[in-house]
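Here are the chains, one letter per residue:
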Amino acid sequence: MADKQDPDGIVLTEAQKRSRRQRSIAIALALGVLVVLFFAVTMVKGPAVLVRPL
């Protein structure tokens, strides 16, 4: 048995961590833009969105 502690799994370099963070931020911003876009389209269409023939 070794006294030394081996890290579990993959250890990322600082450049990889920075790249992952930038990618996560870009995905979050894209999702936020989509939410705002869907909200704006719903507001432009108005309450008629809910009135549909059965």
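Residues numbered from 1 in each chain as written. Predicted model: local features only at pLDDT ≥ 70, side-chain atom pairs only at ≥ 80, totals over all residues. Heavy atoms only, no water.

The chain is annotated in an unreviewed UniProt entry as CoxF protein of Bradyrhizobium neotropicale.

Caption draft 1: Broad picture of the overall build of the chain. Secondary structure assignment for the chain yields one helix and zero strands. Every one of the 54 residues in the chain was classed for burial, and the buried ones make up 0%. Carbon and sulfur atoms provide 67% of the accessible area of the chain, an area that totals close to 5700 Å². (Helix = DSSP H or I, 4+ residues; strand = E, 2+ residues; numbered from the N terminus. Buried < 20%, exposed > 50% of the residue type's maximum accessible area, 1.4 Å probe, protein only. Areas by Shrake-Rupley, 256 points an atom, 1.4 Å probe, with all protein chains shown as cover.)

Caption draft 2: Region of the structure containing the pattern of salt bridges. Scanning the model with the defined rule gives one salt bridge in all. Among the salt bridges present, the one from Lys17 reaches Glu14, with a minimum N-O distance of 3.8 Å. Taken as a pair, Lys17 and Glu14 lie in helix α1 (residues 14–45) at a separation of three residues, close to a single helical turn. (Salt bridge = Lys/Arg side-chain N within 4 Å of Asp/Glu carboxyl O.)

Caption draft 3: Here's a closer look at the UniProt feature "transmembrane region" (unreviewed entry) in the chain. As recorded in UniProt, the sites labelled "transmembrane region" (unreviewed entry) are residues 25–44. Secondary structure content for residues 25–44 is 100% helix and 0% strand, and the end C-alpha separation is 28 Å. (UniProt positions renumbered as here; feature names shortened; annotations may be inferred.)

Caption draft 4: View of a nonpolar patch on the surface. Taken together, the side chains of Leu34, Leu37, Phe38 and Val41 make up a nonpolar region of the molecular surface, amounting to roughly 370 Å² of accessible area. Within the secondary structure, Phe38 is located in helix α1. (Patch = residues over 30% accessible without salt bridge, like charges linked within 9 Å, V, L, I, M, F, W, Y side chains within 5 Å.)

Caption draft 5: Up close: α1. Compared with the 46 Å implied by 1.5 Å per residue over 32 residues, the 47 Å span of α1 between its first and last C-alpha is a close match. Downstream of α1 by a residue or two, Gly46 has a phi angle that is positive, lying close to 80°. (Expected span 1.5 Å × (residues − 1).)

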